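Coordinate inspection notes
Residue strings, one per chain:
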Amino acid sequence: MDYDYEVLIIGAGLSGLAAGIRLAHFGRRVCILEKQVRAGGLNSWYPFQGRILDVGLHAVTNYVPRSVKSAPLARILRQLRLSHDDLRLCPQRISRIIFPEKELSFTNDFQLLVQEIADKFPSQVDGFLKLTSSLADYGELSSPGREVVSARKVLKQFLSDPLLIEMLLCPIMFYGNCREDDMDFVQFSILFRSIFTEGFARPKLGMRQVIQLLVDKYQESGGELRYGCQVHKLIIHQGRVAEVHLANGRIMQAKVIISTVGLPETRLLCSFWPAEAKEPKPGEISFVESILMLDCLPSQSLGFETTILFYNDTEHFVYRKPNGLINSLSGVICCPNNYQEDEQMSTEGLVRLTHLANFDLWSRLDQDEYRRQKEHCLRESVEKAERFIRGLGRHIVACDTFTPRTIQRFTARQKGAVYGTPDKLADGRTAIKNLYVCGTDQGLVGIVGALLSGITVANRWVLYGA
Ligand SMILES: Cc1cc2nc3c(=O)[nH]c(=O)nc-3n(C[C@H](O)[C@H](O)[C@H](O)COP(=O)(O)OP(=O)(O)OC[C@H]3O[C@@H](n4cnc5c(N)ncnc54)[C@H](O)[C@@H]3O)c2cc1C
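Residues numbered from 1 in each chain as written. Predicted model: local features only at pLDDT ≥ 70, side-chain atom pairs only at ≥ 80, totals over all residues. Heavy atoms only, no water.

1. What about the packing of aromatic side chains?
Any aromatic ring pair is given by two values, namely how distant the centres are and how the planes are angled relative to each other. To keep it simple, the criterion reads: Within 6.5 Å between ring centres, the rings of Phe, Tyr and Trp (the latter by its six-membered ring) count as paired, and their orientation is classed by plane angle as stacked under 30 degrees, edge-to-face over 60, tilted in between. The helix count covers DSSP runs of H or I at least four residues long, the strand count covers runs of E at least two residues long, and both are numbered beginning at the N terminus. Only protein chains enter the accessibility calculation, which uses a 1.4 Å probe. A residue is then buried if its area is under 20% of the maximum for its type, exposed if over 50%, and partly exposed in between. Ring-over charges, as used throughout, are those where CZ of Arg or NZ of Lys falls within 6 Å of the ring centre and within 35 degrees of the ring normal.
On inspection of all chains with the given rule, the structure shows 20 aromatic pairs. Between Tyr 311 and Phe 388 the ring centres are 5.6 Å apart and the planes differ by 40°, which places this aromatic pair in the tilted class. Of the two residues, Tyr 311 is situated in strand β15 (residues 308–312) and Phe 388 in the loop between α15 (367–385) and β18 (396–402); the sequence distance between them amounts to 77 residues. You'll find Tyr 311 and Phe 388 in the same group, each marked buried. One aromatic cluster in this structure is built from Phe 106, Phe 110, Phe 128, Tyr 175, Phe 185, Phe 188, Phe 192, Phe 196, Phe 200 and Phe 310. Over the aromatic face of Trp 45 sits the side chain of Arg 38, whose NZ or CZ is 4.2 Å from the ring centroid.

2. Remarks on the environment of Ile 21
Mapped onto the fold, Ile 21 is located in helix α1 (residues 14–25). Considering only alpha carbons, one finds Ile 21 and Leu 87, 66 residues apart in sequence, at a separation of 16 Å.

3. Some remarks on the site of the ligand
Quick note on the threshold: Near, as used in this document, describes a residue that has one of its heavy atoms within 4 Å of the molecule or strand being considered. The definition of a polar contact used here is a pair of N or O atoms within 3.5 Å, where within protein one atom must be able to donate a hydrogen and the other to accept one, and adjacent residues in sequence count solely through side-chain atom pairs. Note on areas: these come from Shrake-Rupley sampling with a 1.4 Å probe, and a residue is covered only by the protein chains present in the view. Residues were grouped as follows: Ala, Val, Leu, Ile, Met, Phe, Trp, Tyr, Cys and Pro as nonpolar; Asp, Glu, Lys and Arg as charged; and all remaining residues, including Gly, as polar.
Neighbouring the ligand are 34 residues, the closest being Ser 15, Glu 34, Leu 42, His 58 and Ala 59. The contact in question runs from a nitrogen atom of the ligand to an N or O atom on the backbone of Lys 35, over 3.2 Å. A distance of 2.7 Å is found between an oxygen atom of the ligand and a backbone nitrogen or oxygen belonging to Leu 42. Contact with the protein chains hides 95% of the accessible area of the ligand, taken as 1,000 Å² for the molecule alone. At the level of elements, α1, α16 (404–411) and α17 (446–463) are the ones that each hand at least two residues to the shell around the ligand. Of all the elements, α17 adds the most residues to the shell around the ligand, at 3 residues. In terms of residue class, the shell around the ligand is made up of 16 nonpolar, 15 polar and 3 charged.

Interpretation in functional terms is not warranted from these geometric data alone.
Printed below as a string of structure tokens:
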């Protein structure tokens, strides 16, 4: 059969770009179809009142220095033929987890967290060290048919203090858990390593530079990228994707289709789904985030030196769709200026405030009420953050707030579910023979996770695989 391309990739987010780079490097005829006018997906950038803002960037997780060659970051760079210097990563200074009774600090040096636990939870430190040596790894995530094991249950086998369990779960859930209340232990392990054992960094010039680097790499290797090109329907014939219908009326054909738009979203694109295959449900976890631009740098003028602060005001950390529009009893405060080296080049302060949010409630509001509630939510967030950053509200010169509704509108993720469906496809294979899913719904979340997922699916199913 004479195909237009060997591989069509739906979506130029980080997983789509990584898959594309691998395939283009090996001379495969590949085209990425992106509905937006720029690449990057959930972690892209946008112009705002004369500035360039990152859509969501708090941190690139999995940070290791250049000399560490065996970590996921180093493996990704090798596979994409990039150097550590290309990303211009600035490591974090210090991050904190603050609960009513206790506080833990951590940096990219794991020993600090071990010391903090020894000081504040002396009876737990042995269990904590045993836990860290029992963590699962990336390989286990992609083994098909594996059972999901409750992270809470496993944690209880190692730790007897419920407060420490909640404090460890707080950043890990905020940065990658698609399930309510509990999470998959393998996912926990991967996120634990990426946040605590390895650590946080920020690309010096934000995501725009990283995305441009990936797009250039892809196009220089011969890959094609079409913007403003929305896939409207995948026509299934005899168990395979026979045609890809675009919203502009064009029809394309390819031997293999890789979708990065999410599993439930990909299912909706398919003209047919086998009755015996599970119907994937969208996730429920979404967020509201306010990006505040300040007339001063938080560490110099407001005494706030923390890179990322995770707080929780209740006895038990509640990670689920809130009953109201947002849940400000817990949240994340990220200060991009507080990465090492960033401050010398910043002229404006930046603070990002994030809370769990309820998509269903946000989606019911009419336009006026939606605007009012966004303002209300901003005030509530700032009030909460002022406990940690005194005088924050007085220094805001501009701000932008996004809600689950914004996420759904721009990325097509149903319910604005940033971390996708709980029905993950471990190895990327779907019920349709030549259709694979990569990115968030393969189970690898975040920037590094999405890149790794794109590489894995391209390698396994196109370059070396079936
Ligand atoms: C607000 C926010 C903050 C975040 N912060 C961080 C962070 O600090 N650190 C971190 O590591 N991770 C963070 N993440 C998570 C991270 O951004 C994602 O896990 C990752 O970018 C997902 O990449 P992806 O390629 O799987 O999917 P996506 O980025 O969703 O890419 C899918 C692409 O497909 C396109 N598309 C959708 N439908 C169609 C269609 N029908 N036709 C054509 N194209 C289509 C979309 O426009 C998009 O470009 C954040 C996410 C959000 C939303």
